[in-house]
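Listed here are the chains, written in short residue letters.
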Amino acid sequence: MTDKHSRLCTRESGTDYGALGEHLERPDRPEEACGVFGIYAPGEDVARLTYFGLHALQHRGQESAGIAVGDGETVTVTKNLGLVSKVFRESDLDSLTGSVAIGHTRYSTTGMSTSWENAQPHLSAIGHQVIALAHNGNLVNTHELREELKGNGIRFRSTTDSEVIATLIGHYTQVHNHIREGIRETMRLIKGAYSVVLITEDALYAFRDPYGVRPLVLGKTAGGHWVVASETCGLDIVGAEHVRQLEPGEMVKVSADGLEVERAVPAEKPSLCVFEFVYFARPDSVLNDCTVYEARRQMGAALARSATADADLVIGVPDSGVPGAVGFAEESGIPYGEGLIKNRYVGRTFISPTQSIRQQGIKLKLNPLRHAIEGKRLVVVDDSIVRGNTSRKLVQLLRDAGATEVHMRITSPPVRWPCFFGIDTDSQEQLIGSTMSIDEVAEHIGVDSLAYLSLEDMVSATGCAPYEFCLACFDGAYPIDIPDEIRKGKLSLEPCGEAG
Ligand code: SF4
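Residues numbered from 1 in each chain as written. Predicted model: local features only at pLDDT ≥ 70, side-chain atom pairs only at ≥ 80, totals over all residues. Heavy atoms only, no water.

1. A few points about the sheet that holds strand 23 (residues 449-452)
By definition, the strands of a sheet pair up through backbone hydrogen bonds, in either a parallel or an antiparallel sense. The cut-off we apply is this: DSSP bridges decide pairing: two strands pair if at least two such bridges lie between them. Secondary structure follows DSSP: runs of H or I at least 4 residues long count as helices, runs of E at least 2 residues long count as strands, and numbering of each begins at the N terminus. Axis definition: a line fitted to C-alpha atoms, limited for helices to the stretch in contact. Angles are taken between N-to-C directions and run from 0 to 180 degrees.
In spatial order, the strands read 18-21-22-23; together these four strands make up an open sheet with parallel pairing. This sheet does not close on itself; its edge strands, each paired only once, are strand 18 (313-316) and strand 23. With direction set aside, neighbouring strand axes in the sheet form an average angle of 20°. Pairing of strand 18 with strand 21 (residues 377-382), which is carried by four bridges, proceeds in the parallel orientation.

2. Notes on the nonpolar core
Defined as follows: Buried residues of nine kinds, namely Ala, Val, Leu, Ile, Met, Phe, Trp, Tyr and Cys, make up a nonpolar core once their side-chain atoms join them within 4.5 Å. The cut-offs for exposure are 20% and 50% of the maximum accessible area for each residue type, with area from a 1.4 Å probe on protein chains only; residues under the lower value are buried, those over the upper are exposed, and the others partly exposed. Domains are outlined according to an automatic or database domain assignment. Two residues form a contact once any of their heavy atoms are found within 4.5 Å.
Within the largest apolar cluster, 54 residues are counted, with the highest numbers of intra-cluster contacts made by Phe275, Phe277, Phe421 and Met458. Of all the secondary-structure elements, those providing two or more residues to this core are strand 15 (272-273), helix 8 (275-280), helix 9 (292-306), helix 10 (322-332), strand 21, helix 17 (455-461), strand 24 (469-470) and helix 18 (472-475). Ranked by residues supplied to this core, first place goes to helix 9 with six residues. For this core, the domains that each give at least three residues are domain 1 (4-268) and domain 2 (277-487). What Met458 contacts, discounting residues up to four positions off in sequence, is Val274, Val278, Met299, Thr411, Ser412, Pro413, Leu453, Leu471 and Phe474. Ile154, Ile190, Ala203 and Tyr205 belong to the second-largest nonpolar core, a separate cluster that totals 27 residues.

3. Focus: the packing of helix 5 (residues 161-176) against helix 6 (residues 179-189)
Put simply, the rule is: The labels follow the angle: roughly parallel below 35 degrees, roughly antiparallel above 145, roughly perpendicular from 65 to 115, and oblique for the rest. In this scheme the handedness of a crossing depends on how the near helix is turned from the far one: anticlockwise by less than a right angle means left-handed, clockwise means right-handed. In this count, Pro and Cys sit with the nonpolar residues alongside Ala, Val, Leu, Ile, Met, Phe, Trp and Tyr, while Asp, Glu, Lys and Arg are called charged and the others, Gly among them, polar.
Running from N to C, helix 5 and helix 6 point in directions that differ by 130°, and their axes come no closer than 7 Å. By the angle between their directions, the pair helix 5 and helix 6 is classed as oblique. Read as a crossing pair, helix 5 and helix 6 show a hand that is right-handed. Contact with helix 5, carried on its side by Ile165, Leu168, Ile169, Tyr172, Thr173 and His176, involves Ile179, Glu181, Gly182, Ile183, Glu185, Thr186 and Leu189 of helix 6 and no other residues of that element. Grouping the amino acids of the contact of helix 5 with helix 6 by side-chain chemistry returns seven nonpolar, four polar and two charged.

4. Regarding helix 1 (residues 46-56)
In terms of burial, helix 1 is largely enclosed, as eight of its 11 residues are buried. What helix 1 keeps buried is the set Val46, Ala47, Arg48, Thr50, Tyr51, Gly53, Leu54 and Ala56. Where the residues of helix 1 are buried, they touch strand 2 (35-40), strand 3 (64-70), helix 2 (84-87), helix 3 (90-95), strand 5 (100-106) and helix 7 (232-236).

5. A word on the site of the ligand
Keep this limit in mind: Put simply, a residue is near a molecule or strand once any heavy atom of it comes within 4 Å of that molecule or strand. Residues are said to line a cavity or pocket when one of their atoms sits within 4 Å of a point; the points come from a 1 Å grid over protein atoms alone, cavities being sets where a 1.4 Å probe fits but cannot get out and pockets being open sets with protein on both sides within 12 Å along at least five of seven lines. The way we define it, a molecule is inside a pocket or cavity when more than half of its atoms are within 2 Å of that pocket's grid points.
Taken together, the neighbourhood of the ligand is formed by Val213, Arg214, Cys273, Val274, Phe275, Cys419, Phe421, Ile423, Cys470, Ala472 and Cys473. The cavity where the ligand resides is the largest cavity. Considered class by class, the residues forming the shell around the ligand number 10 nonpolar, no polar and one charged.

6. Some details on the pattern of salt bridges
This is how the line gets drawn: Criterion for a salt bridge: a side-chain nitrogen of Lys or Arg within 4 Å of a carboxyl oxygen of Asp or Glu.
Under the defined criterion, the tally for this structure stands at 24 salt bridges. Glu181 is paired through a salt bridge with Arg184; the nearest N and O atoms lie 2.5 Å apart. With a gap of three residues between them, Glu181 and Arg184 both fall in helix 6, about one helical turn apart. The buried category is assigned to Arg184, whose relative accessible area is 18%. Within the structure, one salt-bridge network assembled from shared partners comprises Arg180, Glu181, Arg184, Glu185, Arg188, Glu260 and Glu262.

Shown next, in the form of structure tokens:
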């Protein structure tokens with residue numbers, strides 16, 4: 001056997017983003033925690049196809065990006081901090097040759113810990129075999145697992161979910177001498193949300209947690225090659241047809257033997273994150289056979305039925321509020337227009353060099369169309385209010401541009417509970433929907449009126465009902481038990497029964 005481990009290679013791409021973490025602004029809305037992509041396509045430029053796939057998934061994470069390629073002998077990773085377009089140069093992609101690849105775009109859920117080490121794919125060795133793994137989601141029992149498994153001689157270098165998953169797969173693959181059994185055993189042990197892609201030197205694996213909290217879809221190119229991605233927009237960009245979603249608890253393997261599918265662990269109550277429909281997913285993606293754009297349009301229409309307003313113009317907060325604004329306008333008969341223009345080139349790794357400039361963050365991202373809104377009574381449709389800071393600045397921005405009234409309409413209920421499944425929504429005290437009544441929020445952000453969509457109308461608008469969702473950040477009913485040490489400091493109320 002050749003010494004593949006000796007060729008284990010992780011490269012940093014040419015751009016230096018090492019110091020960016022200090023300058024990141026804390027966002028005032030839930031932030032997604034990663035997009036994953038994988039392809040098995042011998043004879044194709046798998047690194048470039050993955051690069052395109054990551055471009056389509058850029059909205060799911062802008063802190064770091066990485067690609068790992070298997071060339072039949074070993075696995076090589078190139079990753080760095082920053083947007084996909086900044087991380088990879090032509091020469092990086094030219095040097096990543098092989099037949100199988102995975103990629104990852106990352107948003108960190110661990111505070112401001114923007115570090116190169118946390119960028120994915122995560123590379124590790126199982127004896128002489130090299131694997132790379134990329135993960136979307138968040139485990140809730142890493143601490144417990146680490147403590148339990150230390151006694152078995154398993155050593156962890158860090159506390160990141162991805163390293164825990166990779167270490168467990170490595171350990172149990174060696175125990176059973178079989179990587180799929182290593183993955184099965186790991187899936188039986190880990191708890192939480194995970195959509196994972198993994199490659200060896202010559203095969204692609206993908207698996208999804210038994211609740212299906214984070215999305216993961218399977219597609220096929222015209223050339224017959226299999227592709228997996230967090231969202232269908234990641235399939236579209238490489239010309240792959242959407243075949244189906246990976247079912248909760250399912251594992252697929254793609255290799256020279258073709259596609260092999262198995263139920264690795266029994267499925268639990270389906271709990272797809274409803275926020276994927278409200279905000280995270282790209283509007284052109286399809287989740288559970290339901291179009292995200294249409295769901296958002298229907299959310300806006302439902303809001304117009306339950307909470308219309310006397311107004312002259314409906315505008316949406318780009319990007320996720322726009323389809324809702326279109327639906328609100330269609331249903332209410334109030335004209336729709338663009339009122340805010342988004343600067344598309346301000347990413348999470350944008351550098352604001354001074355505090356005074358950072359305080360103007362909202363203006364860096366959104367600019368009002370003064371001629372369109374001056375003298376108008378506005379309905380402003382947005383997807384959510386999490387901490388309230390951005391909404392407050394936005395309302396002031398619109399008033400400064402001449403809006404005479406601002407009626408805010410939100411296409412989801414108040415966010416009252418933190419997320420433990422890969423979304424950064426802070427502790428409960430920092431959620432404005434948890435600490436203030438709707439009237440108090442309206443006063444705080446300075447609007448003339450404020451209305452939220454009901455939980456029932458939001459779910460119904462997805463078109464997926466009676467498909468069951470995770471709705472925990474709205475109703476506190478977490479589909480997966482949250483261990484006390486994770487709850488501590490994040491939850492100040494008892495879950496369930498508090499949401500309205
Ligand atoms: S708690 Fe909220 S953000 Fe987190 S998975 Fe559930 S619905 Fe999504």
